[in-house]
Protein chains: 2
Amino acid sequence: MFIQRLSIIGVGLIGGSLARALRRAGVCGEIVGCGRNRSNLETAVELGVIDRYETVLASAVDGADMVIVAVPLGSMGGIFAAIREALSVNAVVSDVGSAKASVVEDARQYLGEHFRYFVPAHPIAGTEKSGVAASFAELFERRRVIITPLSEMDLGAYAKVSAMWKCTGADVVEMSVERHDRVLAATSHLPHLLAYSLVDTLAQMETSTEIFSFAAGGFRDFTRIASSSPRMWRDICVANQRAILEMLAHFNEDLAVLTDAVRCGDADRIEKIFGRAKAARDNFCEDKVC
Amino acid sequence: MFIQRLSIIGVGLIGGSLARALRRAGVCGEIVGCGRNRSNLETAVELGVIDRYETVLASAVDGADMVIVAVPLGSMGGIFAAIREALSVNAVVSDVGSAKASVVEDARQYLGEHFRYFVPAHPIAGTEKSGVAASFAELFERRRVIITPLSEMDLGAYAKVSAMWKCTGADVVEMSVERHDRVLAATSHLPHLLAYSLVDTLAQMETSTEIFSFAAGGFRDFTRIASSSPRMWRDICVANQRAILEMLAHFNEDLAVLTDAVRCGDADRIEKIFGRAKAARDNFCEDKVC
């Protein structure tokens, strides 16, 4: 039991799956949940994901040696401010946010002296579903968790968060905050924006019902991420604005080149672009189960 | 046995799966394959997908009462021209192309008097894989096959193609050529272009190896279609140019609106777009297994 009392703020897909994985690993004493949605918390207790819940943040972190904040990025600052005074002296605080610069800034601003016990982390795992009912213990197995270490960070806190994620079956890797935010903008944030935007484009068309009725497997997979939580992804767009705009600019340039090739009926240029993409995608899949 | 001899020109994923499905249904006498790649044809015989193969097109359609042309769109015209003289008097000719106007034009130009036995069809099914080894008899089960009837079309030919597809477990629906090409541009062609373009953008970046190594499930699904055949999709872009450019223009307008909202940090506008898309995508999934 290297975690005596775990406090999970936000018992959704990620927070709930982390609780399940740590309970399965047998490394956790009591697990206390907290969140805005009481019925979700009651479900979490019924499912055995958490032992009990609190609806007041200060009570939820009381006596906890590990506090995981698993809420949308726009809510991080308010939570840090609300828990600060109630944290135990050595309580480790970590998060699971999909962008790191904004969380680090919020933690620096609102955690005060406790900031050195804050360890920014991001598990590269998830599904398009939300809420504790969608959580499962295996979500992080063989997935990566990125920790973005800070110069002020307490080494014991870092080691504890790293060990915790290893207990879920994940590989823990390190990266700078800036690099994390750029890499995730490319592999995750941009695809989400494109999927949302495409589905919205089709939904706005007069013939949208007919269009969707003829969509097949390729469309279903391409747009799966457009079923993700709008609030969570809104916050990611705000939090990682700079890196996302940079990636959008790159993408738009390349799409303009492809569009031009289609307009000119330039079969060779089109095939070259598609061939390069296929090679990169097939190569990516060699290392993963695709 | 309502098909005595089936000739499949292009024994790949679609042609091979059709042969398997018809053989399983027991509605087909002999199945003769033809294609450019002899080793693929030998595999097709070994797998029992076809009974025998010919490498000369005229021989492949000799005595066939049903000829299915399952090749990339850019190769249709040449094949129609090469088989025309060798077709039996009442042989039905059909295709599986992902765009229909260009195939109809090619058939009209190259099939001569036999054009009235040509039935344009498109099964809305597939995977990102190519070749006969990827084919399977269940590919068309509960999927739609669109037939785009022509005014000159022989009704017996139409009925035979429709009955053939029903034997694979597919639902056959009718649509005009123009509508087919617009609907498919929206649900299939545009997503393929975006997936190819995104993967190519990332592959061109200096840090592409690192970027791909941190890609997860969302990225894998979003980009699955970028592993499709570059040649086949090159031909689709050329064949359905007008509808694709129209859809690209719609998409670009909407992406510019979203990009502007991100640039302004307009959380409400971003959430509204994402929310609309999620609702449409969740709604689409209610009818399908997503």
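Everything that follows concerns the structure shown earlier in this document.
Just so you know, these numbers come straight off a predicted model, no measurement behind them. (Residues numbered from 1 in each chain as written. Chains lettered and ligands numbered in written order. Predicted model: local features only at pLDDT ≥ 70, side-chain atom pairs only at ≥ 80, totals over all residues.)

Visitor: Lay out the relation of the copies chain A and chain B with the relevant residues and their values.
Guide: Rotating chain A by 180° and moving it 0.0 Å along the rotation axis overlays it on chain B with an RMSD of 0.0 Å. The two molecules are tied by a two-fold rotation axis, judged by turn and shift. By C-alpha distance to the rotation axis, the residue of chain A lying nearest is Phe222 of chain A, at 2.0 Å. Looking at the interface residues of chain A, 100% of them are also at the interface in chain B, so both copies use one shared face. (Least-squares fit on C-alpha atoms with pLDDT ≥ 70 in both. Contact = placed C-beta atoms within 7 Å.)

Visitor: I'd love a proper account of the interface of chain A and chain B, names of residues and values included.
Guide: It is common to give the size of an interface as the accessible area that goes away when the parts come together. Tallying the contact residues gives 71 residues for chain A and 71 residues for chain B. At 17 residues, helix α7 (residues 177-204) of chain A tops the list of elements feeding residues into the side of chain A that touches chain B. A per-class count over the side of chain A that touches chain B returns 42 nonpolar, twelve polar and 17 charged. (Helix = DSSP H or I, 4+ residues; strand = E, 2+ residues; numbered from the N terminus. Nonpolar A, V, L, I, M, F, W, Y, C, P; charged D, E, K, R; others polar.)

Visitor: Explain the sheet that holds strand β2 (residues 28-34) of chain A to me, and be specific about the residues and the numbers.
Guide: Residue and element names in this part refer to chain A. Here six strands make up an open sheet; going across it, the order is β3-β2-β1-β4-β5-β6 and the pairing parallel. The open sheet has two edge strands, β3 (52-54) and β6 (118-119), and neither has a second partner. As paired elements, β2 and β3 share three bridges and run parallel to each other. Directly across from Gly33, in β3, lies its bridge partner Tyr53. Relative to the sheet, helix α6 (residues 155-166) contacts β1 (3-9), β4 (66-69), β5 (92-95) and β6, its axis offset from that of β5 by approximately 50°. (Pairing = 2+ DSSP bridges. Axes fitted to C-alpha atoms, helices over the stretch in contact; angles between N-to-C directions.)

Visitor: Any chance you could break down the packing of helix α11 (residues 241-263) of chain A against helix α7 (residues 177-204) of chain B for me, citing the residues and the numbers?
Guide: A pair of packed helices is captured by two measures, namely the crossing angle of their axes and the spacing between those axes. At a closest axis distance of 9 Å, the pairing of α11 of chain A and α7 of chain B adopts a crossing angle of 125°. The orientation of α11 of chain A with respect to α7 of chain B, classified from their angle, is oblique. Pair α11 of chain A / α7 of chain B crosses with right-handed handedness. In contact with His250, Phe251, Asp254, Leu255 and Leu258 of chain A of α11 of chain A, α7 of chain B contributes Leu193, Ser197, Leu198, Asp200 and Thr201 of chain B. (Parallel < 35°, antiparallel > 145°, perpendicular 65-115°, else oblique. Left-handed = near helix turned anticlockwise from the far one by under 90°.)

Visitor: I'd like to hear about the pairing of strand β2 (residues 28-34) of chain B, residue by residue, with values.
Guide: Residues and elements named next belong to chain B. Burial within β2 is extensive, with five of its seven residues counted as buried. Sheet topology note: the strand β1 (residues 3-9)/β2 ladder contains six bridges and is parallel. From the neighbouring strand, Ser7 faces β2, where its bridge partner is Val32. For the segment spanning β1, helix α1 (residues 13-25) and β2, crossover handedness is right-handed. Regarding the hand of the β-α-β motif, the stretch spanning β2, helix α2 (residues 38-46) and strand β3 (residues 52-54) is right-handed. (Buried ≥ 20, exposed ≤ 12 C-beta atoms within 10 Å, placed from the backbone. Right-handed = clockwise from strand over helix to strand, strands pointing away.)

Visitor: Can you tell me about the sheet that holds strand β8 (residues 144-147) of chain B, naming the residues and giving the values?
Guide: Residue and element names in this part refer to chain B. Spatially, the three strands line up as an open sheet ordered β7-β8-β9, and their pairing is mixed. The strands lining the two open edges of the sheet, one partner per strand, are β7 (121-123) and β9 (171-174). Strand-to-strand, the axes of this sheet are offset by a mean angle of 25°, without reference to chain direction. Relative to β8, β7 is paired through three bridges, and the arrangement is antiparallel. Bridge pairing in β8 places Pro123 opposite Val145.

By themselves, these figures tell us nothing about what the structure is for.
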